[in-house]
Number of protein chains: 2
Amino acid sequence: MKLAIEEARAAAVKGEVPVGAVLVISGRVFTGRNRVITDSDPTAHAEIVAMRSAARDVGNYRLPGSCLYVTLEPCIMCVGAIVQARVERLVYGARDPRYGAVESMLRVFDLGVNHKPIVRSGALAEQAGELLTKFFEARRKGEVPKWS
Amino acid sequence: MKLAIEEARAAAVKGEVPVGAVLVISGRVFTGRNRVITDSDPTAHAEIVAMRSAARDVGNYRLPGSCLYVTLEPCIMCVGAIVQARVERLVYGARDPRYGAVESMLRVFDLGVNHKPIVRSGALAEQAGELLTKFFEARRKGEVPKWS
């Protein structure tokens, strides 16, 4: 999770909402950070960047036995991608009261989807959340350009 | 939608579940077909392939004013991506009773998400559905290799 937080910090430096992810599969480590603006890609959330990187490298669109660490509770799209990739364990940091689809806005894994990872939340949540709070504060003050 | 069905057919030829999509934005047309196996990418559903292609080309991760045609009712991941990309109109063909997240397994757009496209379903649904039925029949008979 520390590595995921480093990824989140690196995203913020680029003006991206600071969310970072790490996927571990068969002892190999793949990182991802939010890069929707950088890549002009609506799907380039940290989790998806890490999952795609791993799947490409492993040569399988499914990632059985993998563990995905992410600094923020995943949104609907990312929860859907976690199901598609058959991620075995999901560990996330801060809750996302507005868009979180694991326990906040929605509880997608409880809605009869065809795969449900083992979930742990709250890992380094304070650090992960603080990064986001500071980022949005800075953006409100105009210290970070708001892109929309 | 006819073009989306052609894309779906092209996916089947590659052994991929035959789903195709077309995204139209500012008079420009971007196509996508399911290529999860080909690309080893759990997120490479037809809709997402088309949205990514358009966003990259337009240079904006949001696609306001766009219309997305897809042969099959989108899954949770793709519905989430449609929200992220702010797709304005969604037109789909066949319902997906198992995984459809617009009206079948879930009705995500009615669950308080922060963007809701105008939705039309049933366009060329019979053709789109028949392609899928035939594909799965052929796969059960071993005429198409099952990949898992």
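Anyway, here's the lowdown on the structure attached to this text. (Residues numbered from 1 in each chain as written. Chains lettered and ligands numbered in written order. Predicted model: local features only at pLDDT ≥ 70, side-chain atom pairs only at ≥ 80, totals over all residues. Heavy atoms only, no water.)

### What to know about the packing of aromatic side chains
All names here are of chain A. This is how the line gets drawn: Any two rings among Phe, Tyr and Trp, with Trp reduced to its six-membered ring, count as a pair given centres within 6.5 Å; such a pair is stacked if its planes are under 30 degrees apart, edge-to-face if over 60, and tilted if neither. The cut-offs for exposure are 20% and 50% of the maximum accessible area for each residue type, with area from a 1.4 Å probe on protein chains only; residues under the lower value are buried, those over the upper are exposed, and the others partly exposed.
Applying the stated criterion across every chain, the model contains 2 aromatic pairs over all chains. The interplanar angle of 80° and the centroid separation of 5.4 Å between the aromatic rings of Phe135 and Phe136 together place this pair among those described as edge-to-face. Accessibility expressed as a relative area gives 28% for Phe136, which makes it partly exposed.

### Quick look at the sheet that holds strand β2 (residues 28–33) of chain B
Within a sheet, neighbouring strands are paired by backbone hydrogen bonds and run either parallel or antiparallel to one another. Residues and elements named next belong to chain B. Basically, it comes down to this: What makes two strands pair is DSSP finding at least two bridges between them. The helix and strand labels rest on DSSP assignments: H or I over at least four residues marks a helix, E over at least two residues marks a strand, and numbering proceeds from the N terminus. Between N-to-C directions, angles cover 0 to 180 degrees, with each direction set by a line fitted to C-alpha atoms, over the stretch in contact for helices. Contact between two residues is taken to exist if any of their heavy atoms lie within 4.5 Å; hydrogens are not considered.
The sheet built from 5 strands is open, its strands ordered β2-β1-β3-β4-β5 with mixed pairing. At either margin of the open sheet sits one strand with a lone partner, and together these are β2 and β5 (118–121). When strand polarity is set aside, the average angle formed by the axes of neighbouring strands in this sheet is 15°. One ladder, built from 4 bridges, connects strand β4 (residues 89–94) with β5; its direction is parallel. Along β5, the bridge assignment pairs Val91 with Arg120. Its contacts with the sheet place helix α3 (residues 46–58) against β1 (20–25), β2 and β3 (67–72), and it is angled at close to 145° to β2. Against the sheet, helix α5 (residues 125–140) contacts β3 and β4, and its axis sits at roughly 60° relative to β4.

### Here we look at the sheet that holds strand β3 (residues 67–72) of chain A
Residue and element names in this part refer to chain A. The strand order across the open sheet built from 5 strands is β2-β1-β3-β4-β5, with neighbouring strands paired in mixed fashion. Taken across any chain shown, the strands that pair with only one partner, and hence form the sheet edges, are β2 (28–33) and β5 (118–121). Mean inter-strand twist for the sheet, computed between neighbouring axes without regard to direction, equals 15°. Where β3 meets strand β4 (residues 89–94), 5 bridges bridge the pair, whose relative direction is parallel.

### Side note on the interface of chain A and chain B
Filter applied, for reference: A 1.4 Å probe defines the accessible area here, and the buried area is the portion of it lost by two parts on being joined, summed over both. Basic side-chain nitrogens of Lys or Arg form a salt bridge, by our definition, when they fall within 4 Å of a carboxyl oxygen of Asp or Glu.
Taken together, the 32 residues of chain A in the interface contact 32 residues of chain B. Across the interface of chain A and chain B, roughly 2800 Å² is buried in total on both sides, 71% from carbon and sulfur atoms. Taken as a group, A:Ser40, A:Pro42 and A:Tyr61 account for 23% of the area that chain A buries against chain B, more than any other trio of residues on that side. Our count for the contact surface shared by chain A and chain B stands at 2 salt bridges.

### Some words on helix α4 (residues 76–84) of chain A
Counting buried positions over the 9 residues of α4(A) gives 9, a clear majority of the element. Listing the buried residues of α4(A) in full gives A:Ile76, A:Met77, A:Cys78, A:Val79, A:Gly80, A:Ala81, A:Ile82, A:Val83 and A:Gln84. Against α3 (46–58), β3 and β4 of chain A together with α4 (76–85) of chain B lie the buried residues of α4(A). Just beyond α4(A), the residue with positive phi is A:Arg86, at close to 55°.

This is a description of form; function is not addressed.
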